[in-house]
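In case you want the letters, here they are:
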Amino acid sequence: MRIDIITAVPELLEGPVNQSILKRAQDKGLAEIVAHNLRDYGQGAYRQIDDKIYGGNAGMVLMVEPVDQCITDLKKERSYDEIIYMTPDGERFNQGIANQLSLQQNLILLCGHYKGIDERIREHMVTREISIGDYVLTGGELAAAIVTDAVVRLIPGVISDETSALTDSFQDNLLSPPIYTRPAEYKGWKVPDVLTSGNFAEIEKWNDEMALKRTQERRPDLLND
Ligand code: 6GU
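Residues numbered from 1 in each chain as written. Predicted model: local features only at pLDDT ≥ 70, side-chain atom pairs only at ≥ 80, totals over all residues. Heavy atoms only, no water.

A. A look at the side chain of Thr87. With respect to the secondary-structure elements, Thr87 resides in strand E5 (residues 82-92). When sequence neighbours within four positions are dropped, the list of residues in contact with Thr87 reads Arg122, Glu129, Ile130 and Ser131. (Helix = DSSP H or I, 4+ residues; strand = E, 2+ residues; numbered from the N terminus. Contact = heavy atoms within 4.5 Å.)

B. Structural context of the site of the ligand. Inspection of the region around the ligand gives Met86, Thr87, Pro88, Ile130, Ser131, Ile132, Gly133, Tyr135, Leu137, Gly139, Gly140 and Ala143 as its neighbouring residues. Between the ligand and the protein, one listed contact pairs a nitrogen atom with a backbone N or O atom of Ile132 at 2.9 Å. Here a nitrogen atom of the ligand and a backbone polar atom of Leu137 are 3.1 Å apart. About the coverage of the ligand: the protein hides 96% of its 290 Å² of free accessible area. (Near = heavy atom within 4 Å. Polar contact = N/O pair within 3.5 Å; in protein donor to acceptor, adjacent residues only side chain to side chain. Areas by Shrake-Rupley, 256 points an atom, 1.4 Å probe, with all protein chains shown as cover.)

C. Highlighting the environment of Met210. Relative to the assigned elements, Met210 resides in helix H7 (residues 200-218). Its relative accessible area of 21% is what places Met210 among the partly exposed residues. For the pair Met210 and Thr127, spaced 83 residues apart in sequence, the C-alpha separation works out to 40 Å. Not counting residues up to four positions away in its chain, the partners in contact with Met210 are Pro177 and Pro178. (Buried < 20%, exposed > 50% of the residue type's maximum accessible area, 1.4 Å probe, protein only.)

D. Structural view of helix H6 (residues 141-152). Across its 12 residues, H6 extends 16 Å between first and last C-alpha, which sits within 8% of the 16 Å expected from 1.5 Å per residue. For H6, the buried fraction is high: nine of the 12 residues fall into the buried class. Among the residues making up H6, those that are buried are Glu141, Ala143, Ala144, Ala145, Val147, Thr148, Ala150, Val151 and Val152. (Expected span 1.5 Å × (residues − 1).)

E. Layout of the environment of Leu13. Take Leu13: it is sitting in helix H1 (residues 11-17). A sequence separation of 143 residues divides Leu13 from Pro156, and the C-alpha atoms of the two residues are 23 Å apart. Dropping the residues within four chain positions of it, Leu13 is found in contact with Ile5, Thr7, Ala35, Glu141, Ala144 and Ala145.

F. Examining the pairing of strand E1 (residues 2-7) more closely. Taken across its six residues, E1 has six buried, putting it largely inside the fold. Pairing analysis gives six bridges linking E1 to strand E2 (residues 32-37), with the strands arranged parallel. Note on E2: the bridge partner recorded for Ile5 is Ala35. In terms of strand pairing, E1 meets strand E6 (residues 106-111) through five bridges, oriented parallel. Paired with Asp4 across the strands is Ile108, a residue of E6. (Pairing = 2+ DSSP bridges.)

G. Layout of the sheet that holds E5. The five strands lie next to each other as E2-E1-E6-E5-E7, forming an open sheet whose pairing is parallel. Taken across any chain shown, the strands that pair with only one partner, and hence form the sheet edges, are E2 and strand E7 (128-131). When the angles between neighbouring strand axes are averaged without regard to direction, this sheet yields 30 degrees. Relative to E7, E5 runs parallel, the two sharing five bridges. Across the sheet, Met86 pairs through a bridge with Ile130, a residue of E7. (Axes fitted to C-alpha atoms, helices over the stretch in contact; angles between N-to-C directions.)

H. Layout of the nonpolar core. Ranked by internal contacts, the top residues of the largest apolar core, which has 32 residues, are Phe93, Leu101, Val147 and Val152. Where this core is concerned, the elements lending two or more residues are E1, H1, helix H2 (20-27), E5, helix H4 (95-102), E6 and H6. Not counting residues up to four positions away in its chain, the partners in contact with Phe93 are Ala98, Leu101, Ile130, Ser131, Ile132, Val147 and Ala150. In this structure, Ile6, Ala8, Tyr85 and Ile117 belong to the second largest nonpolar core, which totals 19 residues. (Core = buried A, V, L, I, M, F, W, Y, C linked by side-chain atoms within 4.5 Å.)

Quick look at the structure:
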């Protein structure tokens, strides 16, 4: 899978997409994550990429032309399954959307900045709009990093234990049960006996019950989805 991220601030993405599991996924050839600096498509000697909003509102907007040229260049190289604009007024991101996107071959994530982007990009080029939650960020980059992380970790082979992505919280609309590791007792704080019992049927039952209990207590909304 290939993810092209268009941004005015590629530095914001460098850490998140080039460390740890996402780095390993790229080293193994399972994912290719490429940031594109909109400034390279800027206009004139100052490489302008933003301009004042028509109609008087304060603030700057990403211009049509640099974004169009960047996307057009990318489309010459390959076809894209989705061109996703990262925006607080998009569809709220969740595990289901991550699952869907992880099945695609080529994605573009377009990061807005300032007050946003010229609406014509959204009308004519963008195929989907995603928000990561009901709060406002300074730009779409951190949101794009989050979407990239959630999607790439689902690609088969990225996480060493293939089953682990499937047993995540949310994959079955349930939160994870509590988990423990050695020692079985620390400062008198004990691991539940069932987990050290070696009775795998009982352990599985306990895990299922705890997952349900935790979901009922903390996120009852998930049980109604
Ligand atoms: Cl995708 N972008 C921005 N700027 N703010 C957000 C967001 C995206 N999702 C939630 N808040």
